[in-house]
Amino acid sequence: MNKDKTQWFIPASLFQSSVIPSIFPRVLLCGIFGVLISILHDNGFAVSVPILGSIIPNVVLGLLLVFRTNTAYDRFWEGRKIWGIINNNIRNLARQLWVCVDEREPKDRENKVAALRSLVAFAVATKIHLRSQPVNSELEDLLSAERYSKLKSMNNPPLEIAFWIGDYMQQQYEENRLNIYQLTSMQELLNNLVDCLGGCERILKTPMPLAYAIHLKQLLLIYCLSLPFQIVKELGWFTSPIVVLISFTLLGIEAIGVEIENPFGHDTNDLPLDTICANMRRNMEDLITLAPSVRNWNITVELQ
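Now for a look at the structure at hand.

Conventions adopted
Residues numbered from 1 in each chain as written. Predicted model: local features only at pLDDT ≥ 70, side-chain atom pairs only at ≥ 80, totals over all residues. Heavy atoms only, no water. 1 Å grid on protein atoms, 1.4 Å probe; cavity = no way out; pocket = protein on both sides within 12 Å on 5 of 7 lines; lining within 4 Å. Points joined across faces, edges and corners; volume = space filled by probe spheres on them. Helix = DSSP H or I, 4+ residues; strand = E, 2+ residues; numbered from the N terminus. Polar contact = N/O pair within 3.5 Å; in protein donor to acceptor, adjacent residues only side chain to side chain. Disulfide = S-S within 2.5 Å. Expected span 1.5 Å × (residues − 1). Bend = angle between axes of the 7 residues up to and from the residue. Buried < 20%, exposed > 50% of the residue type's maximum accessible area, 1.4 Å probe, protein only. Contact = heavy atoms within 4.5 Å. Patch = residues over 30% accessible without salt bridge, like charges linked within 9 Å, V, L, I, M, F, W, Y side chains within 5 Å. Areas by Shrake-Rupley, 256 points an atom, 1.4 Å probe, with all protein chains shown as cover. Salt bridge = Lys/Arg side-chain N within 4 Å of Asp/Glu carboxyl O. Phe/Tyr/Trp six-rings, centres within 6.5 Å; stacked < 30°, edge-to-face > 60°. Lys NZ or Arg CZ within 6 Å of the ring centre and 35° of its normal. Core = buried A, V, L, I, M, F, W, Y, C linked by side-chain atoms within 4.5 Å. Axes fitted to C-alpha atoms, helices over the stretch in contact; angles between N-to-C directions. Parallel < 35°, antiparallel > 145°, perpendicular 65-115°, else oblique. Nonpolar A, V, L, I, M, F, W, Y, C, P; charged D, E, K, R; others polar. Left-handed = near helix turned anticlockwise from the far one by under 90°.

## Overview of the layout of surface pockets
- Here the largest pocket is characterised by a volume of approximately 230 Å³.
- What lines the largest pocket is a set of 14 residues, among which Asn-111, Arg-147, Tyr-168, Gln-171 and Gln-172 lie closest to the centre.
- Secondary-structure elements contributing two or more residues to the lining of the largest pocket are helix 5 (106-130) and helix 7 (157-174).
- No other element matches the six residues that helix 7 contributes to the lining of the largest pocket.

Here you go:
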């Protein structure tokens, strides 16, 4: 058996990253209820009611679960695409700033480095904002002390950082370090970043309609609790294991939808935003080590 085939069993054995911990109490409740119905049936009580199987047709429940899961996954995948766009736009904007902004004085390089780190700060602030966390030490070494302190009082920190970046680019244009075409290109990338921020906020602030979520949970509960009455006559003491298996399947699918519908949190199955931001930071520090514009300052010094 090759390595790929043996690795198939590894995800199947994972417990912590699955939805088992969250659905276990409900599955256990259904199993205990199945045992109770088996005991009553074994003692001669008329608990076998096959007609209950027509209360909620399997097709209807299956379609509701598929719709629920697909809707949640669409939100998850859209969030991932938006963060991919954020990553690409930050890289492109950083590259253009680093290459296009002229360096006439040593301080110009320091300002460019601060601008590039502000781009990383935008991504980190977006992550923090989506998680409803206060501004923390993750941003402290990416911004000046004054800006870091000011950011703590802002309602939308990433939007404020985008303003600072735009202000820096406008200042470089007014000082003739950028031409109008370069400024326009950079402003478009910055506008895309703000659009991505709005896209993430839309996902976060548009939850699944409560009435739909409640109705699906109620149908699942009715179905799982009515199942022992339908099968106890044929299965007897095997009723409880079968109920556990079916309820594990149905409740697990519903729990997966609940877990991934908000992809910006800290759960194992959420987007790895910490890793994405850490990669951005490493890429930006690598870019800062390059020196495509050093010649501009040297030529100015020689002319003087």
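## Examining the side chain of Ser-226
- Inspection of the secondary structure puts Ser-226 in helix 9 (residues 210-235).
- A distance of 2.9 Å separates a polar side-chain atom of Ser-226 from the backbone oxygen of Ile-222.
- In terms of polar contacts, Ser-226 uses its side chain to reach the side chain of Gln-230, at 3.4 Å.

## Examining the state of the cysteines
- Going through the model one piece at a time under the given rule, you end up with zero disulfides.
- A disulfide-free cysteine, Cys-30 has its sulfur positioned 4.5 Å from the sulfur of Cys-224, the nearest such atom.
- Cys-196 carries a free sulfur, and the closest cysteine sulfur to it, the one in Cys-200, is 6.9 Å from it.

## Some thoughts on helix 9
- The terminal C-alpha atoms of helix 9 lie 37 Å apart, and with 26 residues this matches the ideal 38 Å at 1.5 Å per residue to within 8%.
- The largest bend in helix 9 comes to about 30 degrees, at Phe-229.
- Three or more residues of helix 9 are buried, namely Ala-213, Leu-216, Leu-219, Leu-220, Tyr-223, Cys-224, Ser-226, Leu-227, Pro-228, Gln-230, Ile-231 and Val-232.
- For helix 9, the secondary structure elements touched by its buried residues are helix 3 (20-42), helix 4 (58-100) and helix 10 (239-260).

## Some remarks on unusual backbone geometry
- Within the chain, Ser-132 stands out as a residue other than glycine whose phi angle is a positive 55 degrees.
- Within the secondary structure, Ser-132 sits in the loop between helix 5 and helix 6 (145-151).

## Observations concerning a nonpolar patch on the surface
- A surface patch of nonpolar side chains, about 300 Å² in accessible area, is lined by Phe-24, Leu-28 and Ile-32.
- Tracing the backbone shows Leu-28 in helix 3.

## So, the packing of aromatic side chains
- The tally for this structure, following the rule as stated, stands at three aromatic pairs.
- Each ring, one from Tyr-73 and one from Phe-76, has its centre 5.9 Å from the other, and the planes form 25 degrees; the classification is stacked. Placement of the pair is Tyr-73 and Phe-76 together in helix 4, with a separation of three residues, close to one helical turn.
- On the accessibility criterion, Tyr-73 (43% relative accessible area) is partly exposed.
- The class of Phe-76 is buried, set by a relative accessible area of 17%.
- Of note, Lys-112 hangs over the ring of Trp-98, and the distance from its end group to the ring centre comes to 4.7 Å.

## Comments concerning the nonpolar core
- Of all hydrophobic cores here, the largest spans 55 residues; its most connected members are Trp-83, Ile-90, Leu-93, Leu-97, Leu-139 and Ile-161.
- Elements represented by at least two residues in this core include exactly helix 4, helix 5, helix 6, helix 7, helix 8 (180-204) and helix 11 (273-288).
- When near neighbours in sequence (up to four residues on either side) are disregarded, Leu-93 contacts Leu-119, Ile-165, Met-169, Met-186, Leu-189, Leu-190 and Leu-193.
- Listed in part, the 17 residues of the second largest apolar core include Leu-61, Leu-65, Leu-220 and Val-243.

## A short note on the pattern of salt bridges
- A full pass over the atoms with the stated rule returns 14 salt bridges.
- With a closest N to O distance of 2.8 Å, Lys-127 and Asp-274 form a salt bridge. With Lys-127 in helix 5 and Asp-274 in helix 11, this pair connects stretches of sequence that are 147 residues apart.
- With a closest N to O distance of 2.0 Å, Arg-177 and Glu-175 form a salt bridge.
- The network of salt bridges with shared partners includes Lys-127, Arg-131, Glu-138 and Asp-274.

## Topic: the side chain of Ser-247
- Relative to the elements of secondary structure, Ser-247 occurs in helix 10.
- Exposure remark for Ser-247: the relative accessible area of 1% places this residue in the buried category.
- Here the side chain of Ser-247 touches Val-243 through a polar contact of 2.8 Å, landing on its backbone oxygen.
- The contact partners of Ser-247, leaving out residues within four places of it in the chain, are Val-27, Cys-30, Cys-224 and Gly-252.

## Regarding the packing of helix 5 against helix 8
- Interaxial distance between helix 5 and helix 8 falls to 11 Å at its minimum, and their mutual angle equals 10 degrees. The angle between the axes of helix 5 and helix 8 places the two elements in the roughly parallel class. Counting all contacts with helix 5, which are made through Leu-119, Phe-122, Thr-126, His-129 and Leu-130, the residues of helix 8 involved are Leu-193, Val-194, Leu-197, Cys-200, Glu-201 and Leu-204.
- Looking at side-chain class alone, the contact of helix 5 with helix 8 contains eight nonpolar, two polar and one charged residues.

## Regarding the packing of helix 4 against helix 9
- Contact geometry of helix 4 with helix 9 gives a least axis separation of 11 Å together with a crossing angle of 140 degrees. Taken together, the axis directions place helix 4 and helix 9 in an arrangement best described as oblique. Handedness of the crossing formed by helix 4 with helix 9: left-handed. Contacts from Asn-58, Leu-61, Leu-64, Leu-65, Phe-67 and Arg-68 of helix 4 reach helix 9 at Tyr-212, Leu-216, Leu-219, Leu-220 and Tyr-223.
- Partitioning the contact of helix 4 with helix 9 into residue classes produces nine nonpolar, one polar and one charged.

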